[in-house]
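# Structural overview
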Amino acid sequence: MAFSSLSFANPNPNPISSSFSFSNPNPNLKLLPSILLLSKPCISSSSSFSFFSRRSLWSPSFARPLLAARCSIRPRPAYIPNRIDDPSYVRIFDTTLRDGEQSPGATMTSVEKLAVAKQLARLGVDIIEAGFPASSPDDLDAVRSIAIDVGNNPADESGHVPVICGLARCNKKDIDAAWEAVRHAKRPRVHTFIATSEIHLKYKLRKSQEEVVKIASEMVAYARSLGCEDVEFSPEDAGRSDREFLYHVLEEVIKAGATTVNIPDTVGYTLPSEFGKLIADIKANTRGIENVIISTHCQNDLGLATANTLAGAYAGARQLEVTINGIGERAGNASLEEVVMAIKCRKELVGGLHTGINTKHIVRASKMVVEYTGLHVQPHKAIVGANAFAHESGIHQDGMLKFKGTYEIISPEDIGLARANESGIVLGKLSGRHALRSRLLEFGYDINGKELDDIFKRFKEVAEKKKHVTDDDIEALISDEIFQPQVVWSLGDLQVTCGTLGLSTATVKLITSDGEEKIECSIGTGPVDAAYKAVDNIVQIPVTLQEYSMNAVTEGIDAIATTRVVIRGDDRPTTTNASTGETVQRTFSGSGAGMDIVVSSVRAYISALNKMLGFQDFSAHKVAAGQTSQSSQ
């Protein structure tokens, strides 16, 4: 049958919409009956679902043309703390800078956190949980700077300004710190929590249910009394809490003024069917729940965080707490990119939900978090892993050559990943700044001034030694130049002697931020050990090397090597764990890149040291370093 349009009622009505339409811009094209199998393509009272023919989607191996689906784009609804006027809109709450940073070795400096927050704003997240201000003065300062900068300035031409949130335990000291940090933002939020499961009440809090309800309601009311009109409450370990008690706690905090109630699966214990039912039960049995937003926070201990988050959204949650690359304590959190792309790809199966995320910024955000935290993404990671769009099997390659949709449900361009050189430019030793900058723009990096000069200098050094500089080589150089902490020390020169005929020896020249040069020599069990000892002699800060890893960026003997190290200061600095309350020593990661593996290793070590020194006033350290240098001379 040939037709140009068709409208019919949705066989599965819901409160959002009961009808949608199909339209065919080409009356001569026959739309197959199989189209009608779609039950809820884009559920919204104001949206339509369209099918259209595209010449590029024709495949000779099929007996019929392939059809592409397109949903009309809906604007982000105006932000109101306790309600969303578009019932199909889902807020994305990113906690990369708080829960994500609790991953071992993932500590970021204030400058790095601000850069990540700006990228999250460009990505379009609705709420940025910028940290746990009570954990340390550094964290409070970092959250405050994000609130002042990112929390007041539109991220792009859309005018979007995210909510800036600070975490606090249910006590006045934490809430005061959180409010002091976020109150400078246009839309500040305080997020307070207390455990509600029997196992936490008995072994961690040692409190009764009545005591917990009293504390929770009083602290939510206290946060509101400070002038905070947007307060989120989380019953920690809600997934293992008694249902009736959970309903009661939520009712009381809603009465006290909570605008969002977050339901954490704190230890990743529930299955999707259980978690979905938990959200549905809370929605059905909690008095006043219609006056707040229900949120999810799913950990990934059983690898179910994304599935549980989607189940929660389908059951009625309208805020989803996630992190970039799924980083976080233990096995991590629900991954932003997985949750967002699942909603985008399978909209018809999650109730027609949509988000305000600009998915073209996903890859850039992922790479930034990798470089600043030092937590690499496994190659097979969904959406952003190195193998996510790689096809090695002959059968798969054949299908991809005929039509990409055979084995790709997501276009790499949709997440900001350039599959190939769009400009056709091949970079080499004769390439100039303009060509390099053009390639960087294709990667999503708009770099000018000194940053471009520094990258160009490194690029020319590599190009002189390699016949062809690959995209991966350039990405490694970008990471090594841009994604670095505030410079306290930088590598000047390095010379090593090693082998089987004698002790390994290293001579290292470091340059201070003021341009002063320091030189030291040392011996070690190998060239890297000797170089690190020489650096230690200059820096004069006792640290312990906890992790060291290296990999080649590309194939071949002339590949660039990237190194990652994790260090811990022997006597500084410390932070407070939000969940346990214990004081722990921070660890710091650093990365470096170079064609010489020893140079790469030293760059990574200095990067980690700079990050650690960025957490303290290092003026006294600089004086000590100067005195040491004078005595050695």
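I will try to describe carefully the structure that is included in this document. Everything numeric here is computed off the predicted structure, so don't read it as measured data.

## Points about the pairing of strand β13 (residues 489-497)
Examined bridge by bridge, β13 and strand β14 (residues 504-512) share 8 bridges and lie antiparallel to one another. Directly across from W489, in β14, lies its bridge partner T512. Adjacent in sequence and paired antiparallel, β13 and β14 are bridged by 6 residues, among which G499 carries a positive phi angle near 140 degrees.

## Focus on the packing of aromatic side chains
Overall, the coordinates contain 2 aromatic pairs when judged by the stated rule. Ring geometry for F456 and F459: centres 6.2 Å apart, planes at 35 degrees, overall tilted. Of this pair, F456 and F459 both sit in helix α13 (residues 449-463), 3 residues apart, which is roughly one turn of that helix. Judged by centre distance (4.0 Å) and plane angle (10 degrees), the ring pair of Y532 and Y605 falls under stacked. Placement of Y532 in helix α15 (residues 527-539) and of Y605 in helix α16 (residues 597-613) is noted, with a sequence separation of 73 residues between them. This pair shows no difference in class: Y532 is buried, exactly as Y605 is.

## Overview of the sheet that holds strand β20 (residues 587-594)
Spatially, 3 strands are ordered β16-β17-β20 in an open sheet, and the strand pairing comes out antiparallel. Lying at the two open borders of the sheet, with one neighbouring strand each, are β16 (543-552) and β20. Averaged over all pairs of adjacent strands, the angle between strand axes in this sheet comes to 15 degrees, irrespective of strand direction. Relative to strand β17 (residues 561-569), β16 is paired through 9 bridges, and the arrangement is antiparallel. The residue of β17 that forms the bridge with S549 is R564.

## Description of the packing of helix α5 (residues 209-225) against helix α6 (residues 243-256)
The relative placement of two packed helices is expressed as an angle between their axes plus a distance between the axes. Following both chains from N to C, one finds α5 and α6 inclined at 25 degrees, their axes separated by 8 Å at the closest point. The orientation of α5 relative to α6 falls into the category roughly parallel. Pair α5 / α6 crosses with right-handed handedness. Counted together, Q209, V212, V213, A216, S217, V220, A221 and R224 of α5 and F245, H248, V249, E252, V253 and A256 of α6 form the full contact between these two elements.

## So, the pattern of salt bridges
For side chains bearing opposite charge, pairing can occur when the charged atoms are close. Scanning the entire structure with this criterion turns up 34 salt bridges. The closest approach of N and O atoms between D139 and K113, which form a salt bridge, is 2.9 Å. Of the two residues, D139 sits in helix α2 (residues 137-149) while K113 sits in helix α1 (residues 110-123), which places them 26 residues apart along the sequence. Note on accessibility: D139 and K113 belong to one class, buried. Two residues, D237 and R240, come together in a salt bridge whose shortest N-O distance is 3.0 Å.

## Some points on unusual backbone geometry
The backbone of D237 shows a phi angle near 65 degrees, a positive value even though the residue is not glycine. With respect to the helices and strands, D237 occurs in the loop between β9 (231-236) and α6. The exposure class assigned to D237 is buried, which follows from its relative accessible area of 0%. Residue R330 is not a glycine yet carries a positive backbone phi of 55 degrees. Assignment of secondary structure puts R330 in the loop between β12 (319-322) and α9 (336-345).

## Focus: the nonpolar core
One finds L123, I164, F233 and I263 to be the most contacted residues of the largest nonpolar core, which totals 91 residues. Excluding its chain neighbours within four sequence positions, the residues that come into contact with I164 are I128, A130, I146, A147, V150, G151, V182, A185, R187, P188 and R189. Counting residues in hydrophobic clusters, the runner-up holds 27 residues, among them V508, Y532, F588 and A608.

## Focus on the sheet that holds strand β6 (residues 127-131)
Taken in spatial order, the 8 strands close into a barrel running β5-β6-β7-β8-β9-β10-β11-β12, and their pairing is parallel. Averaged over all adjacent pairs, the angle separating strand axes in this sheet is 25 degrees, with direction ignored. Taken together, the 6 bridges between strand β8 (residues 188-195) and β9 define a ladder with parallel strand orientation. Within the sheet, the bridge partner assigned to T192 lies in β9 and is F233. In the packing of helix α4 (residues 198-205) onto the sheet, the strands contacted are β8 and β9, and the crossing angle to β8 comes to about 85 degrees. Helix-sheet contacts for α5 involve β8 and β9, and the interaxial angle to β8 is about 170 degrees.

## Side note on the pairing of strand β11 (residues 293-298)
Buried residues dominate β11, accounting for 6 of its 6 residues. Residues I293, S295 and H297 of β11 are buried on one face, and the alternating residues I294, T296 and C298, pointing to the opposite face, are buried as well. Summarising the sheet, strand β10 (residues 260-265) and β11 pair through 6 bridges and their orientation is parallel. Bridging across to β11, P264 finds its partner in H297. Here β11 pairs with β12 via 3 bridges, running parallel. When the sheet's bridge partners are listed, T296 is paired in β12 with L320.

## A word on a nonpolar patch on the surface
Residues L545, Y548, M550 and I597 make up a contiguous nonpolar surface patch of about 340 Å² in total accessible area. By residue number, the principal contributor to the nonpolar patch is β16, which donates 3 residues. Positionally, I597 belongs in helix α16.

## Remarks on the side chain of D237
Side chain to side chain, D237 and S197 meet in a polar contact 2.7 Å long. Setting aside residues up to four positions removed in sequence, D237 forms contacts with S197, I199, H200, P264, T266 and V267.

## Quick word on the side chain of E129
By the element assignment, E129 lies in strand β6. Non-local contacts of E129, meaning those with residues more than four positions away in its chain, are made with F93, D94, T95, L97, R98, C165, L167 and H191.

Parameters at a glance
Residues numbered from 1 in each chain as written. Predicted model: local features only at pLDDT ≥ 70, side-chain atom pairs only at ≥ 80, totals over all residues. Heavy atoms only, no water. Pairing = 2+ DSSP bridges. Helix = DSSP H or I, 4+ residues; strand = E, 2+ residues; numbered from the N terminus. Phe/Tyr/Trp six-rings, centres within 6.5 Å; stacked < 30°, edge-to-face > 60°. Buried < 20%, exposed > 50% of the residue type's maximum accessible area, 1.4 Å probe, protein only. Axes fitted to C-alpha atoms, helices over the stretch in contact; angles between N-to-C directions. Parallel < 35°, antiparallel > 145°, perpendicular 65-115°, else oblique. Left-handed = near helix turned anticlockwise from the far one by under 90°. Contact = heavy atoms within 4.5 Å. Salt bridge = Lys/Arg side-chain N within 4 Å of Asp/Glu carboxyl O. Core = buried A, V, L, I, M, F, W, Y, C linked by side-chain atoms within 4.5 Å. Patch = residues over 30% accessible without salt bridge, like charges linked within 9 Å, V, L, I, M, F, W, Y side chains within 5 Å. Areas by Shrake-Rupley, 256 points an atom, 1.4 Å probe, with all protein chains shown as cover. Polar contact = N/O pair within 3.5 Å; in protein donor to acceptor, adjacent residues only side chain to side chain.

So yeah, pure geometry; function would need other evidence.
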